[in-house]
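# Summary of structural features
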Amino acid sequence: MAAIGRLPRVLLRSALAQNRRQLSAAASAHGGESARTWKLLSFLVALPAVGVCMLNCYLKEQSHTHEQPEFRPYSHLRIRTKRFPWGDGNKSLFHNKHVNALPNGYESHDE
């Protein structure tokens, strides 16, 4: 019975001891300085580098021409043995009329 009465004090003492314990990185001044260095590198080097890469991709995409390739009716491509269960049955689920050709050629697009 006396051991049960001491149990809350032992648990409280154990919890206080864990709160006072420091992790190894926080125990020395070196860990804090290293974290600050990596944080600065992330904001001053990594984020601007990502921005420059995004700008490069955007400018290259703007100068790229989007011409439709010539349709070639190869016998082994666009084989339809049965109709698709959606729409008119001839177009795939993610059909894009500018990129995906039908068995008889591209769809005419009004521009």
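None of the values given here were measured: they were computed from a predicted structure.

### Quick look at the overall build of the protein chain
Per the secondary structure count, the protein chain includes 3 helices and 0 strands. Secondary structure elements of the protein chain, listed N to C terminal, follow the sequence α-α-α. The burial tally for the protein chain puts 5% of its 111 residues in the buried class. The contacts in the protein chain between residues at least 6 apart in sequence include a share of 33% that link residues at least 24 apart. When the accessible surface of the protein chain is summed, it comes to about 10300 Å², and 61% of that surface belongs to carbon and sulfur atoms.

### Re a nonpolar patch on the surface
On the surface, a cluster of nonpolar side chains totalling about 750 Å² of accessible area is made up of Trp-38, Leu-40, Leu-41, Phe-43, Leu-44, Val-45 and Leu-47. Judged by its relative accessible area of 38%, Leu-40 falls in the partly exposed class.

### Re the environment of Glu-70
Mapped onto the elements, Glu-70 comes out in the segment after helix 3 (29–63). As for Glu-70 and Gly-105, which are separated by 35 residues in sequence, their C-alpha atoms are 9.3 Å apart.

### Section: the pattern of salt bridges
All chains considered together, the criterion is met by 1 salt bridge. Where Lys-91 meets Glu-107, a salt bridge forms, and the shortest distance between an N and an O atom there is 3.4 Å. Pair noted here: Lys-91 is in the segment after helix 3 and Glu-107 is in the segment after helix 3, with a separation of 16 residues, a long-range link.

### Some details on the environment of Asp-88
Within the secondary structure layout, Asp-88 lies in the segment after helix 3. For Asp-88, a relative accessible area of 38% gives the class partly exposed. At 3.5 Å, the side chain of Asp-88 forms a polar contact with the backbone nitrogen of Lys-91.

Calculation rules
- Residues numbered from 1 in each chain as written.
- Predicted model: local features only at pLDDT ≥ 70, side-chain atom pairs only at ≥ 80, totals over all residues.
- Heavy atoms only, no water.
- Helix = DSSP H or I, 4+ residues; strand = E, 2+ residues; numbered from the N terminus.
- Buried < 20%, exposed > 50% of the residue type's maximum accessible area, 1.4 Å probe, protein only.
- Contact = heavy atoms within 4.5 Å.
- Areas by Shrake-Rupley, 256 points an atom, 1.4 Å probe, with all protein chains shown as cover.
- Patch = residues over 30% accessible without salt bridge, like charges linked within 9 Å, V, L, I, M, F, W, Y side chains within 5 Å.
- Salt bridge = Lys/Arg side-chain N within 4 Å of Asp/Glu carboxyl O.
- Polar contact = N/O pair within 3.5 Å; in protein donor to acceptor, adjacent residues only side chain to side chain.

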